[in-house]
Amino acid sequence: MCSVYGNLYKLLVVNHDIPQPVLDAALKAARDFFEMPSKEKQSYEKETSESNGSDNGIQSLESKDKVVDWGDVMFHEDLKNWPANPPDYKNAMLSYARESQKVMEKLLDVVSKELRLVPTYFRDLFGDFEQSLRVNHYPPCPQPELVLGLRPHTDPVVFTALLEDQTRGLQVRNGDKWVTVDPEPDALVIFVGEQLQVASNGRYTAVTHRAVVNKTTDRISIAMGLAPNSKVLVRPAPELLEKSSPPRYEARTYGEFRATVSHGVRW
Ligand SMILES: O=C(O)CCC(=O)C(=O)O
Ligand SMILES: [Fe+2]
């Protein structure tokens, strides 16, 4: 169903079976949203955003003690809070959510098999999934070296499917270096999230990533997080434990995890 390139720190998936128009429509809807006049955007952004980005950015740049995320985000927790405009925004995002969930579920089966578990092991363990969507916009920045688009973080979910436009900006941590991921048309970047790290007892590790910005070009990315529902107890899979590999993480429901662990990036 797909070719997976990469290694421990990133997965770049091509031939993922998502029809290109679905990807194009999601990116277009995001762009159309952020191109609307500020007034129209503001009511939505207030509800959904943690941003301190472009609109008050110059001020933020001057405060040296503050971490600045030079971006705006529309956050749709549990796929809710849709703006009425652009009119096709909601449908475009829901189609992307549906299609990317299929890809991530298939990848979970690949991971299960790789760990010599039954193919549906992790899908069964995580149960009914919930999805949240972060639609990110990073405007050009006059002094990109002073800010980040989005600070370094790992995603607290199982997997994230990141769809980005063709502007460079995503970086992943590999050892002590930041590596820029070159955007590829048609590809999705899949991140391992913290819930898969716990359930695989650290055999898969969550990817630390961040976004940088540039002087001339704005950038759009759409991150779809696949998460268990809040009641699901996430713990290292007993089948993966042995005397020589004891559990490395505590068992916690996803709800408890969300309430106690925060990386400063809302998911
Ligand atoms: O914009 C990007 O490339 C990264 C976005 C991201 O990591 C997120 O929304 O969690
Ligand atoms: Fe992320």
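Our subject is the structure that appears above.
If you're wondering where the values come from, they're calculated on a predicted model, not measured in any experiment. (Residues numbered from 1 in each chain as written. Chains lettered and ligands numbered in written order. Predicted model: local features only at pLDDT ≥ 70, side-chain atom pairs only at ≥ 80, totals over all residues. Heavy atoms only, no water.)

(A) Focus on the overall build of the protein. When helices and strands are tallied, the protein shows seven helices and 13 strands. The proportion of buried residues among the 267 residues of the protein is 53%. For the protein, the accessible area works out to roughly 12800 Å², and carbon and sulfur atoms hold 49% of it. (Helix = DSSP H or I, 4+ residues; strand = E, 2+ residues; numbered from the N terminus. Buried < 20%, exposed > 50% of the residue type's maximum accessible area, 1.4 Å probe, protein only. Areas by Shrake-Rupley, 256 points an atom, 1.4 Å probe, with all protein chains shown as cover.)

(B) Structural view of the sheet that holds strand S10 (residues 209–211). Taken in spatial order, the four strands line up as S5-S10-S7-S8 in an open sheet, and their pairing is antiparallel. The sheet is open, and its two edges are formed by strand S5 (150–153) and strand S8 (177–180), each paired on a single side. With direction set aside, neighbouring strand axes in the sheet form an average angle of 25 degrees. (Pairing = 2+ DSSP bridges. Axes fitted to C-alpha atoms, helices over the stretch in contact; angles between N-to-C directions.)

(C) Up close: the coordination of the iron ion (ligand 2). Distances from the iron ion (ligand 2) to its protein donors, His153 (NE2), Asp155 (OD) and His209 (NE2), fall at 2.1 to 2.3 Å. Here the donor residues for the iron ion (ligand 2) map to a single chain with the spacing H-x1-D-x53-H. In this pair, aspartate 155 is assigned in the loop between S5 and strand S6 (159–164) and histidine 209 in strand S10, connecting sequence segments 54 residues apart. Overall, the relative accessible area of 2% leaves aspartate 155 in the buried class. (Donors = N, O, S within 2.8 Å, 3.2 Å for Na, K, Ca; no water.)

(D) Fine view of the pattern of salt bridges. Tallied over the full model, the rule gives twelve salt bridges. Here lysine 106 ties to aspartate 17 by a salt bridge, and the two come within 3.8 Å at their closest N and O atoms. Of this pair, lysine 106 sits in helix H4 (residues 89–114) while aspartate 17 sits in the loop between strand S2 (11–14) and helix H1 (20–34); the two residues are 89 residues apart in sequence, bridging distant segments of the chain. Overall, the relative accessible area of 36% leaves lysine 106 in the partly exposed class. (Salt bridge = Lys/Arg side-chain N within 4 Å of Asp/Glu carboxyl O.)

(E) Fine view of the nonpolar core. By size, the foremost hydrophobic cluster in this structure holds 75 residues, and its most contacted members are Met93, Tyr96, Phe122, Phe159, Ile190 and Ile222. Looking at this core, the element that brings in the most residues is H4, giving ten residues. (Core = buried A, V, L, I, M, F, W, Y, C linked by side-chain atoms within 4.5 Å.)

(F) Structural context of the site of ligand 1. Around ligand 1 sit 14 residues, and of these Arg134, Tyr138, His209, Arg219 and Ser221 come closest. One of the side-chain nitrogen or oxygen atoms of arginine 134 is found 2.7 Å away from an oxygen atom of ligand 1. Separating an oxygen atom of ligand 1 from a side-chain N or O atom of asparagine 136 is a distance of 3.0 Å. For ligand 1, whose free accessible area comes to 290 Å², the fraction covered by protein is 100%. Put simply, the parts of the chain that give the shell around ligand 1 at least two residues each are strand S4 (129–138), S5, S10 and strand S11 (219–228). Considering only residue class, the shell around ligand 1 consists of seven nonpolar, four polar and three charged. (Near = heavy atom within 4 Å. Polar contact = N/O pair within 3.5 Å; in protein donor to acceptor, adjacent residues only side chain to side chain. Nonpolar A, V, L, I, M, F, W, Y, C, P; charged D, E, K, R; others polar.)

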